Each structure stands twice: as C-alpha cells, then as structure tokens.
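# An overview of the molecular structure
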Amino acid sequence: MSTRKGALAIYNTLSGKKELFRPIHEGQVGMYVCGPTVYNNVHLGNCRTFISFDLAYRYLLHLGYKVRYVRNITDVGHLENDADEGEDKISKKARAEKVEPMEIVQKYTLDFHGVMTAFNALPPNIEPTATGHIIEQIELINTIVKNGFAYESNGSVYFDVEKYNANQPYGELSGRKIEDLIANSRVLDGQTEKRAPLDFALWKNASDEHIMKWPSPWGLGFPGWHLECSAMSAKYLGEVFDIHGGGMDLKFPHHECEIAQGCAATGKKPVQYWMHANMLTLNGKKMSKSTGNSLLPADLFSGENVLLSKSFHPMVVRFFMMQAHYRNTLDFTSEALNAAEKGFEKLMLAIENLLVLVPSSNSSINTKVLVDGFYAAMDDDFNAPALVACLFDAVKQINAIVEGRATINKDDLLVLQKEISVFVFEVLGLRRPTEKNDDQRLSNVMALVLELRGSARENKDWITSDKIRDGLSNAGIIVSDGKDGASWK
RNA sequence: GGUCUCGUAGCCAAGUGGUUAGGCACCGGUCUGCAAAACCGUCUACAGCGGUUCGAAUCCGCUCGAGACCUCCA
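Each value, and the rule that gives it
Residues numbered from 1 in each chain as written. Chains lettered and ligands numbered in written order. Predicted model: local features only at pLDDT ≥ 70, side-chain atom pairs only at ≥ 80, totals over all residues. Heavy atoms only, no water. Pairing = 2+ DSSP bridges. Helix = DSSP H or I, 4+ residues; strand = E, 2+ residues; numbered from the N terminus. Contact = heavy atoms within 4.5 Å. Axes fitted to C-alpha atoms, helices over the stretch in contact; angles between N-to-C directions. Near = heavy atom within 4 Å. Polar contact = N/O pair within 3.5 Å; in protein donor to acceptor, adjacent residues only side chain to side chain. Salt bridge = Lys/Arg side-chain N within 4 Å of Asp/Glu carboxyl O. Buried < 20%, exposed > 50% of the residue type's maximum accessible area, 1.4 Å probe, protein only. Domains from an automatic or database assignment. Phe/Tyr/Trp six-rings, centres within 6.5 Å; stacked < 30°, edge-to-face > 60°. Lys NZ or Arg CZ within 6 Å of the ring centre and 35° of its normal. Parallel < 35°, antiparallel > 145°, perpendicular 65-115°, else oblique. Nonpolar A, V, L, I, M, F, W, Y, C, P; charged D, E, K, R; others polar. Core = buried A, V, L, I, M, F, W, Y, C linked by side-chain atoms within 4.5 Å. Left-handed = near helix turned anticlockwise from the far one by under 90°.

### Brief notes about the sheet that holds strand S13 (residues 330–332)
Pairing within the open sheet is mixed, and its 3 strands lie in the order S12-S11-S13. Taken across any chain shown, the strands that pair with only one partner, and hence form the sheet edges, are strand S12 (285–286) and S13. As defined by bridge partners, strand S11 (residues 280–282) adjoins S12 across 2 bridges and the pair is classed as antiparallel. The partner of Leu 282 across the bridge, within S12, is Lys 285. Of the strands in this sheet, S11 and S13 are in contact with helix H10 (residues 314–322), which crosses S13 at around 145°.

### Here we look at the protein's contact with RNA strand B
The environment of RNA strand B is formed by 60 residues, the closest being His 78, Lys 89, Trp 225, Leu 250 and Lys 286. The protein-proximal atoms of RNA strand B, defined as those within 4 Å of the protein, are 65% sugar or phosphate. Side-chain polar atom of Asp 249 to a sugar or linking oxygen of RNA strand B: 2.7 Å apart, as the coordinates give it. Taking Asp 481, its side chain carries an N or O atom lying 2.7 Å from a base nitrogen of RNA strand B. Among the elements that make up the surface near RNA strand B, the one with the highest residue count is helix H11 (residues 334–355) (7 residues).

### Overview of the pattern of salt bridges
Counted under the stated rule, the structure contains 20 salt bridges. For Asp 380, the salt bridge is made with Lys 18, and the minimal N-O distance between the two is 2.8 Å. With Asp 380 in the loop between helix H12 (367–379) and helix H13 (384–402) and Lys 18 in strand S2 (residues 17–20), this residue pair connects regions lying 362 residues apart in the sequence. Judged by its relative accessible area of 31%, Asp 380 is partly exposed. With relative accessibility at 44%, the residue Lys 18 sits in the partly exposed group. Between Asp 372 and Lys 368 there is a salt bridge, with its nearest N and O atoms 2.8 Å apart. With Asp 372 and Lys 368 both in helix H12, this residue pair falls 4 residues apart, about one helical turn.

### A short note on the pairing of strand S6 (residues 156–159)
Here S6 shows a buried face lined by Ser 156 and Tyr 158 and a second buried face lined by Val 157 and Phe 159. Here strand S5 (residues 150–153) folds back onto S6, and the loop between the two strands holds 2 residues, one of which, Asn 154, carries a positive phi near 55°. Note that S6 and strand S7 (residues 200–205) share 3 bridges and pair antiparallel. Bridge pairing in S7 links Val 157 to Trp 203.

### Points about the sheet that holds S7
Spatially, the 4 strands line up as an open sheet ordered S5-S6-S7-S8, and their pairing is antiparallel. Of all strands in the sheet, those with a lone pairing partner are S5 and strand S8 (221–223), marking the two edges. The mean inter-strand angle of the sheet, taken between neighbouring strand axes irrespective of direction, is 20°. Relative to S7, helix H4 (residues 134–146) is tilted by about 120°, and along the sheet it contacts S5, S6, S7 and S8.

### Describing the domain arrangement of chain A
With domains assigned, chain A is organised as domain 1 (5–277), domain 2 (281–427) and domain 3 (438–488). Relative placement of domain 2 and domain 3: their C-alpha centres are 30 Å apart.

### Brief notes about the packing of aromatic side chains
Aromatic ring pairs are reported here in terms of the distance separating the ring centres and the angle at which the planes meet. Within the structure shown, the criterion is met by 19 aromatic pairs. Each ring, one from Tyr 59 and one from Phe 423, has its centre 6.5 Å from the other, and the planes form 45°; the classification is tilted. Of this pair, Tyr 59 sits in helix H1 (residues 44–62) while Phe 423 sits in helix H14 (residues 410–427), and the two are 364 residues apart along the sequence. With respect to class, Tyr 59 is no different from Phe 423; both count as buried. Aromatic side chains Phe 374 and Phe 423 sit 5.3 Å apart centroid to centroid with 55° between the ring planes, which places their arrangement in the tilted category. Taken together, the positions of Phe 374 in helix H12 and Phe 423 in helix H14 put the pair 49 residues apart, joining distant regions of the chain. Residue class for Phe 423 comes out buried when judged on its relative accessible area of 0%. Put simply, the rings of Tyr 59, Phe 374, Tyr 375, Phe 382 and Phe 423 pair up and form one aromatic cluster. Residue placement shows Arg 4 over the ring face of Tyr 375; its charged tip is 3.7 Å from the ring centre.

### Let's talk about the packing of H4 against helix H7 (residues 225–237)
In the contact formed by H4 and H7, the axes pass within 9 Å of each other and the chain directions differ by 100°. Classified by the interaxial angle, the pair formed by H4 and H7 is roughly perpendicular. Contacts from Glu 136, Gln 137, Leu 140 and Ile 141 of H4 reach H7 at Leu 227, Glu 228, Ser 230, Ala 231 and Lys 235. Among the residues making up the contact of H4 with H7, the classes are represented as 4 nonpolar, 2 polar and 3 charged.

### Some details on the nonpolar core
Formed by 99 residues in total, the largest nonpolar core has its most connected members in Leu 44, Phe 332, Phe 382 and Ile 420. Dropping the residues within four chain positions of it, Phe 332 is found in contact with Leu 44, Leu 280, Thr 281, Leu 282, Met 287, Leu 295, Leu 300, Leu 308, Phe 320 and Leu 337. In this structure, Phe 149, Tyr 164, Ile 178 and Leu 227 belong to the second largest nonpolar core, which totals 39 residues.

### Considerations on the side chain of Gln 261
Structurally, Gln 261 is set in helix H8 (residues 251–266). Apart from residues no more than four positions distant in its own chain, Gln 261 is found in contact with Ile 144, Phe 159, Phe 200, Leu 202, His 226, Leu 227 and Ser 230.

### Points about the packing of H1 against H12
When two helices pack together, their arrangement is given by the angle between the helix axes and the distance between those axes. As a packed pair, H1 and H12 sit with axes 11 Å apart at the nearest point and diverge in direction by 125°. Between H1 and H12, the interaxial angle falls into the category oblique. In this structure, H1 meets H12 at a crossing whose hand is left-handed. Contacts between H1 and H12 involve Leu 55, Tyr 59 and His 62 from the former and Tyr 375, Met 378 and Asp 379 from the latter. Each residue belonging to the contact of H1 with H12 can be placed in one class, and the counts come to 4 nonpolar, 1 polar and 1 charged.

Next up, the structure:
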C-alpha cells in the first residue's frame, strides 16, 4: 500500500474547488463514468474523456486504493431530442442499416472496446448495459413516484422538476437557477404529456412501431436516458459513492438529472466528487459527430484523412492528450501531434537508456526531488502535463549521466528506474510501440547489411555506403551512425 | 438572449500574487565523409486598457476576441 494517499486533491465540479480526496470507505473507491451510446463509431473526442478517466483510475490504483470502476454502455433510451416523437438513436440506426438494434449495439460496442484497447485504457471492473438493467430502472422509478417526485402521463413517467426544486435546488452542479431555466427552455412541439417543459422522462411509452420496448407498470415502453446511470451506479456502487465522471457536455442536463433522481429516491446526494473532462476541439470547435467536426481513431492510426499528413501510433495520441490537463480544452492539430510524436520518442529513448545505465559510487543528481515532483503533479488534480514536464527534467538528467556529465549511485538508479517506469507506463498508461526488430531473422540480416556498409565506409566507398542507407530508408528502415557504429530501427 | 469558461512566445500547452514549466519548430553548437539521428545551448510570453498591491500573466473592473451549455452529444 502506498503511503502517499492523503495528498490527492480533486477538483469537484459540485463545489467548484479542489478538495482533498477522502473516500467514503477507507482505502476503497467507487467510481462511475458515463460511457458511450453505441449507435456509431466513437470519435477522438469521445476517447479523450475515457482516456482522462483512465488516467484517474490508474493513479488511484497506484496510490493503493481498491477501486471499483463502473462505466456503462448506453444501448437504449438515448433519444434524438426531447419531443414526444424523438427517436431512439439505436433504433434509428438499426432501421437505417436494416438490422436488429442489438446488432448495432454489438457492432459499435466492439469498435469501442477495440479503440480503448489500442489506447491502452484499462477496462472497467463492471461495464453494465441499460437494456440489462430494465428491472432496476423500473424499481427506481417506482421509488421516485412513491416519494412524490414523478407522475404518470399517458403511459410515460416524468420527473417533476418544480416539485423537487421546492425542497432542494435543481441546477446546483451546472450553476443554474430554475427560474432562468424555465425562462430559457425551448418549447418543443408535441410535448403534450409533460406538465412542465423542464420535466424529464423516466419512462417513455412505446408506440406500436417501436422495436425496443419492455413491459412495465405503465405499459410497454423504455427507460429515459438519465435514469440508467442512476440505477446502475446505485446497484454496483451504492446509493452514495465517491467519484462520478463524464464529459463536460453531460453536466447539464444529464448529471443534474442524476442528482435529482438520486435525491428523490433516497434523500441523499448520490455523489461525493463530480469530475468533468473537457472537450477535444478541432478547428477551434468541439469535436462532434452530429456536426461532422470529428475524427475517428481509425483514421488517425491509418493516416487516411485530409487533416493528417501521416499516420500516428495510438501511444503518440495518448501522449498528446497527456500533455494537456483534463479540465481544459485541447486543440487537435496535425502539427501538435507531430510535436507530441517527437517528444514521445525522446522520452522512450531516455527510458531505454535509463534501464541500461551503469551506476557510480555517488550521485550528482537529486532523485528524491524528481520523484516528489511526479507525485506532486498527479496529486494536484491529476495534472498530467505537469508530470510530463517533470519527466522531461528527468530525461535531461538521464542524458547527462549517459554522456558522463552527471553520475548516479546504485540505490538512486534503482529508485529512478522504478518510479519512471511506474509513472510513464502504469500511471500515464503509455506503452512502448512494438519494436520492429523483434524479428530475429531480420535482425541477423540487418547485422550483416550494416557490417558490409561499415566495411564500405572504412574504405571510404561512400557510393556503396549511401546506396545501402538510401535503399534501407526506402524500405522503412532508418540507419543511424553513432560513435560506436551504426544502428537501425 | 441567458449562464459559464477561456485568451500564455511561430505551434501545442502547464502555472495563477514575488523564483527559466515542458514539448515541438527556428537558430547556434557537439558528433559525422556528407547527411540524418542523438545530445547541448539560445529564443523569457502571458488579448487590450484601467485599478488594487512594495510587487500582477496571476486579484478587481471595463473593452475586444473565442468557445461550451441552455436541444442529442464524451
């Protein structure tokens, strides 16, 4: 168990402040993150949120917490808009592709998992689906109705926002006042079932043509979008749990509704620490599927997109994201990604060197200051960019040792090797891209080729030497001439 | 229109009352047959205008600009 636990501060959206993190149960953390609605391929913006919370999860694990990390899959109930005829996103896609809704769900869940694996995001401990928890959702609605905060209307059930607000403020999380919300709420056509525009659906009745529907006390229907997170977080993490995360754009109304549902059901605020990840922007605007201003991870990995000059390894993209704080917007540009790639390679090279460093009898560098810097950065609301800056300080020191301008003793070396590996690979979740020279046959061939080129160079046969170098370059192999002979990658 | 956030060097991006954040690019150097790579060094910025303060990029006010939410969104 780490002894560093007490220092972690988390910015809590609910209070608007950084607060020292104190879990409800000593040594244990319950964390819920809103997952994707699987009606389409996840774009890079979606990924940023999940990677941000993967970082938080990883650091909590590193600190020694026993974490139960729940991230849902929304496979029903997410409507196109709030009007009565608003269509379910999954159903719509299923009809467009002429397949079963569950085929859509399966297809895009697999895509999501594949992308998360590529980004080296740890899987959550539980990944519940909305359709798998219809009973829990119906029970929750029953409780809310029984407590007087919801009403039935024409086979649907709505949350009574104004009644709720009479006792506890609705809009706390997003800093809204109900009067302003009422004044500004858009009246959509066909909202005939609701008593007030602000009321949101807990259960919607299903018309005959609806494919995804379940029996309930109010007839055939399906659950409202906001409900699933309340039902599933309560089931797996309890009525009150530690951390709830999600994208900034879910703050209102989704998370606001979750608070209302939780309070209406139990009288207790469901979440201790609300965390919100900021948006990834493209052309200065939020990445968004609906506006077409988005980029798919697959395009990035293949380089097949007009915005990109080349392809990028998933770890370069992850490193790029780690250079910005999760609460700030991050602007995506091909240029910024190129810069991240260079920096990432520099870091990886220094780590390779660190692992084979030869210790001296004494140290001219201060290992403790470096390592304390790593913790201080992450303790400050998971400040990954500050951690990266500290890591590059270490890189500079490692290079100095490699070149004999500094020394490190055996104990310090062991500490540095361990802590850098921990923070780079376990906490930031980076992986070294698979080495091309894993192939033993290729290694042997290259050893021979470089030996021949070495002979040519000794004989000042630059024509042969350069021909080999250029030929290999065309084959995607880069030869580097160092002091101790040539190497390749 | 309402609510809120942001504006940091060529680019990306931390910091948020007093000490060079960092990465990339540029430029200079070491190395090299040449080049690349690698390494070292240089480049010292906080939208504008006022105010508070011994001291402001950081706090306050105004102006300008950008974005988010208010409707599905990570």
